[in-house]
Structures are given as structure tokens and as C-alpha cells.
Amino acid sequence: MPLTKDQEKRKLPSKSRGDEKRHDENERFEKLLDKLEDMTTKGHMKDIAYHFTNKKEVIKVNLLAGVARGVGLTLGTAIFLGILFFILSQTVSLPLIGDYIAQLLEVIDAQRE
């Protein structure tokens, strides 16, 4: 993407020689970046057009995404709570919060039975 006239005015001069070589490299990089942007935009538009034209595909993708989120949330919560209760059970020996945690664990054990 070429610089505007205002940007050209504010452009600082190069501190080293070889400005022409750097300019050529920048132009090649900008062309490559534009090409990559076009490829991703076209691919994204193609994907959007496919999903809007095929209702079954939209339902399938959304259902699969919902199930994946639900399973991930459930497993993540179970792992987090397991680690939390393990840490709590290890801290029962602390004098300040040990009694409270021991009571909490007793309530949990009573609820399991």
C-alpha cells in the first residue's frame, strides 16, 4: 500500500545508506502482504457464502460447536474443582481455616452418602 502525500512529508530519512534496497524490500513485503490478505479474505468470503446457502451445514456446525463447548466447560469445571478440593484437603492442618475446611469436607462427605 503506497504512502499518502501527507505520510511522505512526515517520513523520516534513513539513518544508513542503502535506502533504495530497503525501499525495494518494503515494496516486495507489501505486495506479499496484500496477496496474503486477498487470499484470506476470499477464503473467508467463500466459507461465509457456503454457510449461508446451506442451512443444514449451519445447523450441523452450530450443534457441534455447542456440544463441544458444553463438554469442554463440564470437563474444565470438574478438573478445576477436583484440584481445588485436593488443595483444600491438604490445607486442613492449617490452624486458622483448617476447622472450617474440615467442616466443609464433612458436609460434602455427608451429602455423598
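This section reports on the structure supplied with the text. (Residues numbered from 1 in each chain as written. Predicted model: local features only at pLDDT ≥ 70, side-chain atom pairs only at ≥ 80, totals over all residues. Heavy atoms only, no water.)

**Concerning the overall build of the chain**
Right, so step 1: Scanning the chain from N- to C-terminus turns up four helices and zero strands.
Right, so step 2: Of the regular secondary structure in the chain, the N- to C-terminal order runs α-α-α-α.
Right, so step 3: Sorting the 113 residues of the chain into buried and exposed places 3% on the buried side. (Helix = DSSP H or I, 4+ residues; strand = E, 2+ residues; numbered from the N terminus. Buried < 20%, exposed > 50% of the residue type's maximum accessible area, 1.4 Å probe, protein only.)

**Quick word on a nonpolar patch on the surface**
Right, so step 1: Together, L63, V67, V71, L75, I79, I83, F86 and I87 line one region of the surface with nonpolar side chains, adding up to about 800 Å² of accessible area.
Right, so step 2: Summarising the element assignment, I83 is placed in helix α3 (residues 55-90). (Patch = residues over 30% accessible without salt bridge, like charges linked within 9 Å, V, L, I, M, F, W, Y side chains within 5 Å. Areas by Shrake-Rupley, 256 points an atom, 1.4 Å probe, with all protein chains shown as cover. Salt bridge = Lys/Arg side-chain N within 4 Å of Asp/Glu carboxyl O.)

**A few points about a negative patch on the surface**
Right, so step 1: Side chains of E20, D24, E25, E27, E30, D34, E37 and D38 sit close together on the surface and give a patch of like negative charge.
Right, so step 2: Here D34 lies in helix α2 (residues 19-53).
Right, so step 3: According to the relative accessible area criterion, D34 is partly exposed, its value standing at 32%. (Lys, Arg positive; Asp, Glu negative; His and termini not counted. Charge placed at Lys NZ, Arg CZ, Asp CG, Glu CD.)

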